[in-house]
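# Secondary and tertiary structure notes
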Amino acid sequence: MWGLLRIAVALLILAAIVAQASVTFGGAIDAHRDLGTTIVNFFSFFTILSNALSVIVLTVAGVWMLRERGSDAPEPRGLAVVLVSVSTYMIITGIVYNVLLRNIPLPQGTTVGWSNEVLHVVGPAFLLIDVIVRVRHRSLSWGALGVVVAFPIVWSVYTMIRGVLVTNPVTGEPWWYPYPFLNPNITPGGYAGVALYIVGIAVAILLVAGALLRWRRRPAAPRHERELVTGA
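Nothing here was measured: the structure is a model prediction, and the numbers come from that model.

## Re the nonpolar core
Counting 27 residues, the largest nonpolar core has Val84, Leu140, Val148, Tyr179, Phe181, Leu182 and Leu212 as the members making the most contacts within it. Of all elements in the fold, only helix H4 (77–101), helix H6 (144–163) and helix H7 (191–216) reach the threshold of two or more residues within this core. Here this core gets nine residues from one element, more than from any other, and that element is H4. Every residue in contact with Leu212, bar those within four places of it in the chain, is listed here: Val84, Ser87, Thr88, Ile91 and Val131. Ranked by size, the runner-up nonpolar core spans 26 residues in total, among them Ala10, Ile17, Trp64 and Leu127.

Laid out in C-alpha cells, this is it:
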C-alpha cells in the first residue's frame, strides 16, 4: 500500500508542476515575452526542481516496493541516498516557503492555487511522513551528507551567477532571481544579506539531513508494527 501511495503522490506532484507550467508558459506566449527565458526561469526555482526530483524518486521507490512486496530487505543504498536527499530538499522547501514567502502576494492569474499548495505543503508533508514511517529504510553513514548538500551548492552558485546575466522578462529589470531573499538589489545589505540567507538555509539543510540520517540509524520497528501503519 505504501508503494502505491508513493506513486499516487508522485502523480499529484507531477500534475501540479504541469498545471503551473501551462499557466506560466501560456502567459508568456500571450504577453509576447521570451518563452525560452521563461522556461529556463521556471525550472530554476528550487521548488520546481525539488518537486520534479521527488516525482522521479517517489515513483522509483514506489515501483521498487511493489516489485519487492513480501520481502523484508531494506531498500538499495542508492535509492536510500536519493530518498534522503529529496526528502531534505522538500522539507526545506516547505519550511522556507511557509516562513519566508507565505505572506508575499502572488500575481493574480499567474499562480495556480492548488498547485502552489501541493508543491509547497502537500509534497513536503508527505516526504516528512515517509521519513517518519520508515518503510524498509536502510541505515546510512554520515558520508551521505556530502551527496545531500551537493545539489543545493550547485543550485546556489548557478542562481547567483545567472541572476546578473538574465533580464527579467516580466519587469524588464536587468536581473532575475527566483526568490526575493536571493536578490541583492532588494535584500537589505545587498550581497552580504543574501549570503546570510544562503548560510542560514545551508545550515538548515545540514540539520534536516542530519536528523533524517540519524532517524534512519534507529533500530527498525518489527514488521508487524510497520504493516499496521502502511498496510503493506
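## Structural notes on the pattern of salt bridges
Counted by the stated rule, this structure contains two salt bridges. With a closest N to O distance of 2.9 Å, Asp130 and Arg6 form a salt bridge. Within this pair, whereas Asp130 is found in helix H5 (residues 113–133), its partner Arg6 is found in helix H1 (residues 2–30), the two being separated by 124 residues in sequence. Residues Asp130 and Arg6 agree in their burial class; the two are buried. For Arg216, the salt bridge goes to Glu75, with nearest N and O atoms at 2.5 Å. A residue pair is termed long-range when its members are at least 10 positions apart, and Arg216 in helix H7 and Glu75 in the loop between helix H3 (46–67) and H4 qualify at 141 residues. In this structure Arg216 comes out as buried when scored by relative accessible area, which is 7%.

## So, the packing of aromatic side chains
The tally for this structure, following the rule as stated, stands at twelve aromatic pairs. For the ring pair Phe45 and Tyr179, a centre distance of 5.5 Å and an interplane angle of 85° mean the geometry is edge-to-face. Within this pair, whereas Phe45 is found in the loop between helix H2 (35–42) and H3, its partner Tyr179 is found in the loop between H6 and H7, the two being separated by 134 residues in sequence. Relative to Tyr89, the ring of Phe46 has its centre 5.9 Å away and its plane inclined at 75°; by these criteria the two rings are edge-to-face. In this pair, Phe46 sits in helix H3 while Tyr89 sits in helix H4, placing the two residues 43 residues apart along the sequence. On the accessibility criterion, Phe46 (10% relative accessible area) is buried.

## A word on the layout of surface pockets
Quantified by volume, the second largest pocket comes out at close to 370 Å³. Around the second largest pocket, the lining comprises 21 residues; the ones closest to its centre are Phe46, Trp155, Ser156, Ile201 and Ile205. Secondary structure elements with two or more residues in the lining of the second largest pocket: H3, H4, H6 and H7.

## Examining the packing of H1 against H5
Remark: H1 packs on H5, axes separated minimally by 9 Å, with the N-to-C direction vectors making an angle of 160°. For the element pair H1 / H5, the angle class is roughly antiparallel. Along this stretch, H1 crosses H5, giving a crossing that reads as left-handed. Here Trp2, Leu5, Arg6, Val9, Leu12, Ile13, Ala15, Ala16, Ile17, Ala19 and Gln20 of H1 lie close against H5, whose contacting residues are Trp114, Ser115, Val118, Leu119, Val122, Gly123, Phe126, Ile129, Asp130 and Val133.

## So, the side chain of Ser85
Following the sequence through the fold, Ser85 ends up in helix H4. Setting aside residues up to four positions removed in sequence, Ser85 forms contacts with Val147 and Val148.

## Focus on empty space enclosed by the protein
The gaps left among the atoms become clear once a water-sized probe is rolled over them. A full pass over the atoms with the stated rule returns one cavity of 30 Å³ or more. Approximately 40 Å³ is the volume attributed to the largest cavity. Leu83, Val84, Ser87, Asp130, Val131, His137, Leu212 and Arg216 together form the lining of the largest cavity. Only H4, H5 and H7 provide two or more residues apiece to the lining of the largest cavity. With three residues, H4 is the largest single contributor of residues to the lining of the largest cavity.

Parameters and conventions
Residues numbered from 1 in each chain as written. Predicted model: local features only at pLDDT ≥ 70, side-chain atom pairs only at ≥ 80, totals over all residues. Heavy atoms only, no water. Core = buried A, V, L, I, M, F, W, Y, C linked by side-chain atoms within 4.5 Å. Buried < 20%, exposed > 50% of the residue type's maximum accessible area, 1.4 Å probe, protein only. Helix = DSSP H or I, 4+ residues; strand = E, 2+ residues; numbered from the N terminus. Contact = heavy atoms within 4.5 Å. Salt bridge = Lys/Arg side-chain N within 4 Å of Asp/Glu carboxyl O. Phe/Tyr/Trp six-rings, centres within 6.5 Å; stacked < 30°, edge-to-face > 60°. 1 Å grid on protein atoms, 1.4 Å probe; cavity = no way out; pocket = protein on both sides within 12 Å on 5 of 7 lines; lining within 4 Å. Points joined across faces, edges and corners; volume = space filled by probe spheres on them. Axes fitted to C-alpha atoms, helices over the stretch in contact; angles between N-to-C directions. Parallel < 35°, antiparallel > 145°, perpendicular 65-115°, else oblique. Left-handed = near helix turned anticlockwise from the far one by under 90°.

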